[in-house]
Amino acid sequence: MNPSLTAVFQTAAAQLLAVFGANATYTHDGTPLAVQAVVETTLDQIGAYGERLEARPVATLNRAEVAEPQRGDTLECNGVTYTVDGVLAERSDDYTVVAALRENP
Amino acid sequence: MTSRATEILDTLETLFEAIPGITVFRGMATLALPSETARPYIAFRPISNAVEAMQRGRALVTLQVGIEARAEGTDADLDDMLVALRGALGLGEFAPFDGLVTRSAGGTSGVTLGEAQYLFPQPGEATAGVQMIVTFRYAEAY
């Protein structure tokens, strides 16, 4: 993609997260990083012979801040700490990355 | 008249409900399980019913039932569920479907357990599962 267009989309992603996201702390390998994150709950249907809607917390992050969330990293947002369970590749793009989370007990 | 298929499903429900600590959902109840459904649970429902052969008003019928068990946790938990399912279906001396199912002339068993598929959780998913299709053969008069 045209480098100037990439810069436009990167700026847009950062501005969207600044508006819709919240201040959060992303920790990888014990190193905390201040980020903007949108944490929300999605509903996914699971099961073939028993169909259940399962609520899952997910976080949208700016790739410029967290390029590739790793399983086991943590995210603290609005007083709640989550552990990253994996990246949802189908919901991510070049500018934002969506991670499935588990709320820490 | 209660169909033989309904009798088989009733028997399955009774057998699964006898497994300690399991919630059982059958038929229509499996279509929109509440999100807060207690786990572990077993859901099962008929998925097909076919006449294999017919002679003088008597039919040899195959009924396929889809069964899914879900638990939170490890592959060992899943395997425990599978053992409980197979145990409930009666693979040894215990034969709960005696009188309900028919062994075919070629020797095909009245109850055939399909291959079990393990379903490991996707990222963020709370439960792992095991699924299988069980085929029942029975004779019915029309």
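In case you missed it, the structure is sitting above this.
Residues numbered from 1 in each chain as written. Chains lettered and ligands numbered in written order. Predicted model: local features only at pLDDT ≥ 70, side-chain atom pairs only at ≥ 80, totals over all residues. Heavy atoms only, no water.

Trainee: Describe the overall build of chain A, and please don't skip the residues or the numbers.
Mentor: Within chain A, the regular secondary structure consists of one helix and six strands. Along its sequence from the N terminus, chain A presents helices and strands in the succession α-β-β-β-β-β-β. C-alpha extents for chain A along the principal axes are approximately 50 × 30 × 25 Å. The proportion of buried residues among the 105 residues of chain A is 41%. The long-range fraction of contacts in chain A, counting pairs at least 24 apart against all pairs at least 6 apart in sequence, stands at 46%. Averaging the positions of the 6 positive and the 14 negative side-chain charges in chain A gives two centres separated by 7 Å. (Helix = DSSP H or I, 4+ residues; strand = E, 2+ residues; numbered from the N terminus. Buried < 20%, exposed > 50% of the residue type's maximum accessible area, 1.4 Å probe, protein only. Contact = heavy atoms within 4.5 Å. Lys, Arg positive; Asp, Glu negative; His and termini not counted. Charge placed at Lys NZ, Arg CZ, Asp CG, Glu CD.)

Trainee: Outline the overall build of chain B, listing residues and values.
Mentor: Within chain B one finds two helices and six strands. Ordered by position from the N terminus, the helices and strands of chain B form the series α-β-β-β-α-β-β-β. Here the C-alpha radius of gyration of chain B, 16 Å, is about what a compact globule of 142 residues would show, namely 14 Å. Referenced to the eigenvectors of the C-alpha coordinate spread, the extents of chain B come out at roughly 55 × 30 × 25 Å. Counting across all 142 residues of chain B, residues that qualify as buried make up 43%. Pairs at least 24 apart in sequence give 59% of the contacts found in chain B among residues at least 6 apart. Counting every atom, chain B has about 7200 Å² of accessible surface; 52% of that belongs to carbon and sulfur. (Rg over C-alpha atoms; globule rule 2.2 N^0.38 Å. Areas by Shrake-Rupley, 256 points an atom, 1.4 Å probe, with all protein chains shown as cover.)

Trainee: Give me the lowdown on the pattern of salt bridges, citing residues and values where you can.
Mentor: Taken as a whole and judged by the stated rule, the model has 16 salt bridges over all chains. A salt bridge links A:Arg56 to A:Glu54, with the shortest nitrogen-to-oxygen separation between them at 3.6 Å. As far as the burial class goes, A:Arg56 and A:Glu54 line up, both buried. Linking B:Glu7 and B:Arg4 is a salt bridge whose minimum nitrogen-to-oxygen distance equals 3.8 Å. Here B:Glu7 and its partner B:Arg4 are both found in helix α1 (residues 4-17), three residues apart, which amounts to about one turn of the helix. Residue class for B:Arg4 comes out partly exposed when judged on its relative accessible area of 22%. (Salt bridge = Lys/Arg side-chain N within 4 Å of Asp/Glu carboxyl O.)

Trainee: Provide a residue-level description of unusual backbone geometry, including the pertinent values.
Mentor: Here the amide bond leading from B:Arg39 into B:Pro40 is cis, since omega sits at 5°, within 30 degrees of zero. Within the secondary structure, B:Pro40 is located in the loop between β1 (23-26) and β2 (41-55). Look at A:Asp29: it is not a glycine, yet its phi comes out positive at around 55°. With respect to the helices, strands and loops of the structure, A:Asp29 is situated in the loop between β1 (22-28) and β2 (31-46). Judged by its relative accessible area of 72%, A:Asp29 is exposed. Its identity as a non-glycine residue notwithstanding, A:Asn78 has a phi of 50°, on the positive side.

Trainee: Give a detailed account of the interface of chain A and chain B, specifying residues and quantitative values.
Mentor: The interface is formed by 17 residues belonging to chain A together with 25 residues belonging to chain B. Here chain A and chain B share an interface that buries about 1600 Å² over both sides, 46% of which is from carbon and sulfur atoms. By the criterion of area lost to chain B, the three top residues of chain A are A:Tyr49, A:Glu51 and A:Arg52, representing 48% of everything that side buries. Counting the contacts that link chain A with chain B gives two salt bridges. When the shortest N-O distance is used, the salt bridge between B:Glu125 and A:Arg56 registers 3.0 Å. The interface formed by chain A and chain B holds 14 residue pairs in polar contact (both at pLDDT 80 or more) in total. Put simply, the parts of the chain that give the side of chain A that touches chain B at least two residues each are β3 (52-62), β5 (80-87) and β6 (96-103) of chain A. When residues in the side of chain A that touches chain B are grouped by element, the largest group, four residues, is from β3(A). Here the side of chain A that touches chain B is composed, by residue class, of eight nonpolar, three polar and six charged. (Buried area = accessible area lost by both parts, 1.4 Å probe. Polar contact = N/O pair within 3.5 Å; in protein donor to acceptor, adjacent residues only side chain to side chain. Nonpolar A, V, L, I, M, F, W, Y, C, P; charged D, E, K, R; others polar.)

Trainee: Give me the lowdown on the environment of B:Ile19, citing residues and values where you can.
Mentor: Checked against the element boundaries, B:Ile19 lands in the loop between α1 and β1. What B:Ile19 contacts, discounting residues up to four positions off in sequence, is B:Ile42, B:Ala84 and B:Ala88.

Trainee: Got a sec to walk through the packing of aromatic side chains? Specific residues and values, please.
Mentor: Residue and element names in this part refer to chain B. Considering all chains together, one arrives at five aromatic pairs over all chains under this definition. Measuring from ring centre to ring centre gives 5.8 Å for Phe25 and Tyr41, while their planes differ by 85°; the resulting arrangement is edge-to-face. Residue Phe25 is located in strand β1, and its partner Tyr41 is located in strand β2; the two are separated by 16 residues in the primary sequence. (Phe/Tyr/Trp six-rings, centres within 6.5 Å; stacked < 30°, edge-to-face > 60°.)

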